[in-house]
Amino acid sequence: YHPIDQQLVCLAHANNVRVILMSTDFSVRDLRNFTYRKQWLQIQLDTLHTYYLDGINMDFEDPIPATDPSTADLLTEWVALATKGIHYDFEKLYGKPDGINRRVSLDVAWSPNCIDVRCYDYAALAQACDFLIIMGYDIRSQVKNVSSCTAGPNAAIYSITQGIEAFLDLKIAS
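Residues numbered from 1 in each chain as written. Predicted model: local features only at pLDDT ≥ 70, side-chain atom pairs only at ≥ 80, totals over all residues. Heavy atoms only, no water.

What about the state of the cysteines?
Thinking step 1. Going through the model one piece at a time under the given rule, you end up with one disulfide.
Thinking step 2. Across the disulfide from cysteine 114 sits cysteine 119; the S-S distance is 2.3 Å.
Thinking step 3. Residue cysteine 114 is classed as partly exposed on the basis of its relative accessible area of 25%.
Thinking step 4. A residue is classified by how much of its surface remains accessible, and cysteine 119, at 12% relative accessible area, is buried. (Disulfide = S-S within 2.5 Å. Buried < 20%, exposed > 50% of the residue type's maximum accessible area, 1.4 Å probe, protein only.)

Dropping the structure here:
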C-alpha cells in the first residue's frame, strides 16, 4: 500500500488532471470468492471517496489457460461488476449519471494471443470496463520458460506492432 498524497491530488485536480487508483491486490483465486469480491470493491470505493479519486486501474495479470474459459468468463464478469459498481457509486453520491467522471481501466498484455498464459476474452473485457491499457513495455517475459531466458530488447517494436494489430483485429471499439 502506498499512501496517497491528498495535496498532490488537489493540485492535479486544480490542473484538470485525473488521479486514478492503481489496484493490484486481486488474483485468480479470488474470482470465485464472492465475499472477497464484495469486500474488495468496498475497499476501492472507500479509497475513491476518501481521496476524491477519479477512477481505478485494475492490474490483473494472473495466468488463465485457454483450456479454462469459465475462469476467463469469471474475470470478465468481475471486471464488469466492478465497473458498474464504481459508476453506480458515483451516481448515488452525486445524483447524476457517471458519464465520464469515474473511469475503470484494465491492464492487459501487449498482445491478446495468450501471452504468459493470459488467455482472457479481451473483446469482452473491453466491453466490461471503460478502456484497456496495453502493457507495451518490458515485454521480455520469462514466465513460460525460465531456462530459455535470453537477452533482448525490453519492448521490441516488431512484437509491439504485432500485438497492437492483434488487438485491432478483435474490432474493439475505441
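Section: the sheet that holds strand E4 (residues 131-134)
Strand pairing in a sheet takes place through backbone hydrogen bonds and is either antiparallel or parallel in direction.
Thinking step 1. The parallel open sheet is built from four strands, whose spatial order is E1-E2-E3-E4. Since the sheet does not close on itself, it has two edges, and those belong to strand E1 (21-23) and E4, each with one partner. The mean angle between the axes of side-by-side strands here comes to 25°, regardless of whether they run parallel or antiparallel.
Thinking step 2. Relative to the sheet, helix H2 (residues 34-51) contacts E1 and strand E2 (55-58), its axis offset from that of E1 by approximately 160°. (Pairing = 2+ DSSP bridges. Helix = DSSP H or I, 4+ residues; strand = E, 2+ residues; numbered from the N terminus. Axes fitted to C-alpha atoms, helices over the stretch in contact; angles between N-to-C directions. Contact = heavy atoms within 4.5 Å.)

Take it as geometry only, folks, not as evidence of what the structure does.
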